[in-house]
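Report on the structure
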Amino acid sequence: MTQKFDVVVIGAGPGGYVAAIKAAQLGLKTACIEKYQDKEGKVALGGTCLNVGCIPSKALLDSSWKYHEAKEGFAIHGIEAKGVSIDVPAMVARKNSIIKNLTGGVAGLFKANGVTLLEGHGKLLANKQVEVTDKDGKAQVIEAGHVILASGSRPVDIPPAPVDQDVIVDSTGALEFQSVPKKLGVIGAGVIGLELGSVWARLGAEVTVIEALDKFLPAADEQVAKEALKTFTKQGLKIRLGARVTGSEVKKKQVTVNFTDAEGEQQLTFDKLIVAVGRRPVTTDLLAADSGVDMDERGFIFVNDQCETSVPGVYAIGDVVRGAMLAHKASEEGIMVAERIAGHKAQMNYDLIPSVIYTHPEIAWVGKTEQQLKAEGVAVNVGTFPFAASGRAMAANDTGGLVKVIADANTDRVLGVHVIGPSAAELVQQGAIGMEFGTSAEDLGMMVFSHPTLSEALHEAALAVNGHAIHIANRKKR
Ligand code: FAD
Ligand code: AMP
């Protein structure tokens, strides 16, 4: 007999698994289909984020930062640490055990919430029927009241640097190196390239990042991007802007990369090369020809602001649709869709999705940049506060960077918070909470912040918007 569900979710990444749990919590009979297999051949939930994305990269970033601190950052505190060394396989094994813990946790949550896990490949047929094919090729068709497509994304390949997961790797391969490459090339100075480049640079690799664009971090506030480029360069990352990779050759476990920049044809040789030039939606064999679901011109599933596709009752969320390719964006879309299926009037605020780059210093922002607002003709007041003036940052010997708060010059409403520095992601989240409630810079300035905290830098930057900062000279006084 055909199995019937109120909701069938295809893909158990942070979009799909969260949608499935929420739908089940709202009393809907829910199934989630997932095919990803871990190294032991077992189906693992959590998608890119838990298996080969957010979590493993942060595990390696944290491990490599501790190593770097032990080597370079202890002496100033009077701590002697001689003979510090790194066991890369142990570091990677720790990362793998975190993944196992978390993906197992999602499986436990499915059980606890009554979500039925169907292992295999899901394909949407006509009339909200879904075909599930297990790893042995056995197919069954199930019926769904509603379908949520959450098949995620995969790394973009470029013909000049074909990935072999040995010498030329993508982000997944770069999480698995078993030793520190002496010379590491990274194609793409986006979030993933900078994070993974940082991991291996901290462990001793000589890292060169090759980026086609002339501008560094074009999505970030210009002041922050400038500060970031200066800091990363000081840290030893060689960042070649305006450099487009045109070819590569692997020979004797090394790769020679050809690229062109303002000076003409260039060539560099590396022990490993990470290709981090973006991600593209996964829709391979996801939609039957008569499913009725439309795609946009870039291969993303076409949806409206409520994540509805061109077929009533079929939704799509996360990396497979337009918008930021971020886990928290995917999850919130999952919650919105589950609530709408259950009859609630949920909406998502796409204007307040925080972005984070987990380098050191971290870079994070929410809302608009100063240049975006200027281009829109919005008059703004800007307040900044450098961590160099923060007592807490000094105590931690981590004084690089600044907090920048941008407010509407007429209403004082905060329109953007941008941070480069220690705990930037956590500070920006405070800005996001305030902005969700329509905070003014004055509101933030009037709140009591604990002393001494890094958060005080946000407080002072908010005060500085109207020339009222206490711990730094104000540019403008009222
Ligand atoms: P995915 O996580 O890609 O999950 C989709 C799932 O669907 C996969 O498990 C896949 O196997 C499954 N699937 C696909 N097709 C089918 C099918 N037909 N049948 C069955 N199953 C199917 N984001 C952040 O917010 N913060 C970070 O710090 C961060 N760091 C990252 C670091 C790296 C190295 C990478 C690569 C990404 C990072 N991201 C980060 C991005 C984040 O991982 C994605 O935005 C997020 O995973 C998208 O979630 P999703 O549910 O849409 O898709
Ligand atoms: P993101 O999409 O943020 O992950 O960033 C990927 C980066 O890779 C972008 O900044 C692209 O400009 C860059 N990129 C794409 N193709 C090439 C190429 N052939 N050579 C160098 N950089 C590239």
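Residues numbered from 1 in each chain as written. Chains lettered and ligands numbered in written order. Predicted model: local features only at pLDDT ≥ 70, side-chain atom pairs only at ≥ 80, totals over all residues. Heavy atoms only, no water.

Quick notes on the environment of A205
As for its position among the elements, A205 is in the loop between helix 6 (191-202) and strand 10 (206-210). Judged by relative accessible area, A205 falls into the buried class, the value being 8%. If we ignore the near neighbours within four places in the chain, the residues touching A205 are V180, P181, K182, L184 and W200. (Helix = DSSP H or I, 4+ residues; strand = E, 2+ residues; numbered from the N terminus. Buried < 20%, exposed > 50% of the residue type's maximum accessible area, 1.4 Å probe, protein only. Contact = heavy atoms within 4.5 Å.)

Thoughts on the site of ligand 2
The local shell around ligand 2 holds 14 residues, among which G188, E211, A212, A243 and V245 are the closest. Within the backbone of A212, one N or O atom sits 3.1 Å away from a nitrogen atom of ligand 2. In this structure, V245 approaches ligand 2 through a main-chain N or O atom, which is 3.1 Å from a nitrogen atom. Protein chains shield 73% of the accessible area of ligand 2, which is 510 Å² for the free molecule. (Near = heavy atom within 4 Å. Polar contact = N/O pair within 3.5 Å; in protein donor to acceptor, adjacent residues only side chain to side chain. Areas by Shrake-Rupley, 256 points an atom, 1.4 Å probe, with all protein chains shown as cover.)

A look at the site of ligand 1
Taken together, 38 residues sit near ligand 1, with E34, T48, K58, G122 and A327 positioned nearest. The contact in question runs from an oxygen atom of ligand 1 to an N or O atom on the backbone of M325, over 3.3 Å. Relative to its unbound accessible area of 990 Å², ligand 1 is 94% covered by the protein chains. No other element matches helix 2 (residues 47-52), which puts four residues into the shell around ligand 1. The class makeup of the residues in the shell around ligand 1 is 16 nonpolar, 17 polar and five charged. (Nonpolar A, V, L, I, M, F, W, Y, C, P; charged D, E, K, R; others polar.)

A closer look at the state of the cysteines
Tallied over the full model, the rule gives one disulfide. Each sulfur in the disulfide pair C49 and C54 lies 2.5 Å from the other. Residues C49 and C54 are joined by a disulfide whose S-S torsion is about -130°; by sign, that bridge is left-handed. Judged by relative accessible area, C49 falls into the buried class, the value being 11%. Given a relative accessible area of 28%, C54 falls into the partly exposed group. Of the cysteine sulfurs around C32, a residue in no disulfide, the closest is that of C49, at 15 Å. With no disulfide partner, C307 has as its closest neighbouring cysteine sulfur the one in C32, 16 Å distant. For C307, a relative accessible area of 0% puts it in the buried group. (Disulfide = S-S within 2.5 Å.)

Everything listed here is a matter of geometry and, on its own, says nothing about what the molecule does.
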